[in-house]
Amino acid sequence: MADYIDIEQAKTLDGLRIVAPPGRPNPWAEGLKGMCHVKNLPFTLVGKAAGHDAALQDWTRQSSAPVAVWNEERPRTTWNEQLYLVERLAPQPSLVPDDEADRILMFGLCNELCGETGFGWFRRIMIVHGLLSNPEVGEQGKATASYLGGKYGYSPATAEAAPQRVAQILRTLSARLAEQQTQGRQYLIGDTLSALDIYWSTFAVLVEPLPLDLCPMDAAFRASFVNTDPVVAEALAPQLLAHRDRIYHDHLRLPMDF
Ligand SMILES: N[C@@H](CCC(=O)N[C@@H](CS)C(=O)NCC(=O)O)C(=O)O
């Protein structure tokens, strides 16, 4: 497992600190860490406590992870603020396209993955639903699911809508990838790696984690992430997973370390 310091210690340090959950491949956190890796931007990992973390709430006025804190500046708690921060701290290689149309498209598609009511949001609702409705899941698993469900919009109605929404986003990304490949391009936007390639690669853990030797997750946790829904399975083109594999192998840290 990666090395983490605690929040009290983190508050005494300068530089870039990233709060993330130890032992868990949180896709938002892995995306942020991946961008730092690509940019060769050093950071210190700070452990988020499981469940509600009162110290994190006190420090950053919210309690989700990841959080990026640079020196005395305000904590960055959302994916787009975190992207702007790492772009400022390490402008090269830029992960935001120069071309305006490409940039608008990239932020829109990243939001489909990372934003509220996006792919991560609705996959979490599906995972929560799976845990709450599985009689083999114990007290601890059910408590975690209830906590996350209560915090992030779970209801039977949102769980029913979730697979179609997740599938729609996968189809959009898939069409985008196919269009790029038809033009001989290897990335989701333009001709170079962008934040979208990184976020797709880290969010794919929510449907099909990388093999155990590359993504060393706890077995029960892994099982809850693997997609079993037929609507989502049909939309999950093998080309999207192959793209994820290539981005990890060519640009990100393997085995994953969290
Ligand atoms: N704030 C992030 C989303 C991060 C997020 O949803 N984090 C969840 C992932 S499950 C989390 O840390 N949950 C654990 C908790 O709230 O205790 C963004 O909007 O970019």
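Residues numbered from 1 in each chain as written. Predicted model: local features only at pLDDT ≥ 70, side-chain atom pairs only at ≥ 80, totals over all residues. Heavy atoms only, no water.

**A few points about the overall build of the protein**
Part 1 of the reasoning: Helix and strand counts for the protein stand at 12 helices and 3 strands.
Part 2 of the reasoning: What you see for the protein is a C-alpha radius of gyration of 18 Å, in line with the 18 Å of a compact globule of 258 residues.
Part 3 of the reasoning: In terms of overall dimensions, the protein has C-alpha extents of about 50 × 45 × 35 Å along its principal axes.
Part 4 of the reasoning: For the protein, contacts bridging at least 24 residues in sequence account for 69% of all contacts bridging at least 6. (Helix = DSSP H or I, 4+ residues; strand = E, 2+ residues; numbered from the N terminus. Rg over C-alpha atoms; globule rule 2.2 N^0.38 Å. Contact = heavy atoms within 4.5 Å.)

**Considering the environment of T202**
Part 1 of the reasoning: Topologically, T202 is positioned in helix 9 (residues 195-203).
Part 2 of the reasoning: Spatially, the C-alpha atoms of T202 and K33 are 10.0 Å apart, while their sequence positions differ by 169 residues.
Part 3 of the reasoning: Setting aside residues up to four positions removed in sequence, T202 forms contacts with P27, E30, G31 and Y248.

**Here's the deal with the sheet that holds strand 1 (residues 16-20)**
Part 1 of the reasoning: Read across the sheet, 3 strands follow the order 2-1-3 without closing on themselves; strand pairing throughout is mixed. On the outer flanks of this sheet lie strand 2 (44-47) and strand 3 (67-70), each paired with one strand and no other. This sheet shows a mean twist of 25° between the axes of neighbouring strands, independent of strand direction.
Part 2 of the reasoning: Alignment of strand 1 against strand 2, held across 4 bridges, turns out to be parallel. Counterpart to V19 in the pairing with strand 2 is V46.
Part 3 of the reasoning: On top of the sheet, helix 2 (residues 27-39) reaches strand 1, strand 2 and strand 3; it is set at about 155° to strand 1, its chief contact.
Part 4 of the reasoning: Where helix 4 (residues 79-89) meets the sheet, its contacts fall on strand 1 and strand 3, and the angle it forms with strand 3 comes to roughly 35°. (Pairing = 2+ DSSP bridges. Axes fitted to C-alpha atoms, helices over the stretch in contact; angles between N-to-C directions.)

**As for the packing of helix 6 (residues 119-133) against helix 8 (residues 156-182)**
Part 1 of the reasoning: Contact geometry for helix 6 and helix 8: axes closest at 8 Å, N-to-C directions at 140°. With respect to their mutual orientation, helix 6 and helix 8 come out oblique. Considering only the axes of helix 6 and helix 8, their crossing is left-handed. Contacts from F119, F122, R123, I125, M126 and H129 in helix 6 reach T158, A159, A162, P163, R165, V166, I169 and L170 in helix 8.
Part 2 of the reasoning: Partitioning the contact of helix 6 with helix 8 into residue classes produces 10 nonpolar, 2 polar and 2 charged. (Parallel < 35°, antiparallel > 145°, perpendicular 65-115°, else oblique. Left-handed = near helix turned anticlockwise from the far one by under 90°. Nonpolar A, V, L, I, M, F, W, Y, C, P; charged D, E, K, R; others polar.)

**Things to note about the nonpolar core**
Part 1 of the reasoning: F119 and W200 are the most contacted members of the largest nonpolar core, which totals 72 residues.
Part 2 of the reasoning: If one sorts the elements of this core by residue count, helix 8 sits on top with 8 residues.
Part 3 of the reasoning: Both domain 1 (7-89) and domain 2 (100-251) contribute no fewer than three residues apiece to this core.
Part 4 of the reasoning: In contact with F119, not counting residues within four places along its chain, are E112, L113, V166, I169, L170, W200, F203, L206 and V207.
Part 5 of the reasoning: Formed by 9 residues, the second largest nonpolar core is a distinct cluster that contains I7, A10, L56 and W59. (Core = buried A, V, L, I, M, F, W, Y, C linked by side-chain atoms within 4.5 Å. Buried < 20%, exposed > 50% of the residue type's maximum accessible area, 1.4 Å probe, protein only. Domains from an automatic or database assignment.)

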